[in-house]
Amino acid sequence: QVQLVESGGGLVQPGGSLRLSCAASGFTFSSYAMTWVRQAPGKGLEWVSNINSGGGGTYYVDSVKGRFTISRDNAKNTVYLQMNSLNPEDTAVYYCAKRTGWEYDYWGQGTQVTVSS
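Residues numbered from 1 in each chain as written. Predicted model: local features only at pLDDT ≥ 70, side-chain atom pairs only at ≥ 80, totals over all residues. Heavy atoms only, no water.

### Points about the sheet that holds strand β1 (residues 3-7)
The sheet built from four strands is open, its strands ordered β1-β3-β8-β7 with antiparallel pairing. The sheet is open, and its two borders are formed by β1 and β7 (68-73), each paired with just one other strand. Averaged over all adjacent pairs, the angle separating strand axes in this sheet is 15°, with direction ignored. Alignment of β7 against strand β8 (residues 78-83), held across six bridges, turns out to be antiparallel. Note that in β8 the partner of threonine 69 across the bridge is glutamine 82. (Pairing = 2+ DSSP bridges. Helix = DSSP H or I, 4+ residues; strand = E, 2+ residues; numbered from the N terminus. Axes fitted to C-alpha atoms, helices over the stretch in contact; angles between N-to-C directions.)

Here it is as structure tokens:
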């Protein structure tokens, strides 16, 4: 069955960095676009970034452009989110999701990112 397992979250000071990972299994990873979505406390889901199946196309919400970088290693069935210059507004649970067409059909359990001094 499809599994997505995020890791790498934690507590970081403003200006710091974290690298999230999402290990995928149960499907042909290299055939699907992957997405990172986040949910801040008390708020709805916010799309953060997307990477196409081959890794050549990446997209970001404006608030993270220039600070976050999405990448993937199809040999390791893993998608990453490198997050730099973090600020308190980036505090959220971060989810990776498998994208099929315009749908996000499978989600991971999420990893908490807290940016605080």
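### Focus on unusual backbone geometry
One non-glycine residue, asparagine 77, lies in the positive phi region at around 55°. Among the structural elements, asparagine 77 can be located in the loop between β7 and β8. Residues other than glycine seldom take positive phi values, yet serine 85 does so here, at roughly 50°. Along the chain, serine 85 falls in the loop between β8 and β9 (92-100). Its relative accessible area of 44% is what places serine 85 among the partly exposed residues. (Buried < 20%, exposed > 50% of the residue type's maximum accessible area, 1.4 Å probe, protein only.)

### Focus on the environment of glutamine 39
If you trace the backbone, glutamine 39 turns up in strand β4 (residues 33-39). Each C-alpha atom of the pair glutamine 39 and alanine 92 lies 5.1 Å from the other, and the pair is 53 residues apart in sequence. Not counting the four nearest positions on each side in its chain, glutamine 39 is found in contact with Gly44, Leu45, Ala92, Val93 and Tyr95. Polar side-chain contacts of glutamine 39 include one of 2.9 Å to the backbone oxygen of lysine 43. (Contact = heavy atoms within 4.5 Å. Polar contact = N/O pair within 3.5 Å; in protein donor to acceptor, adjacent residues only side chain to side chain.)

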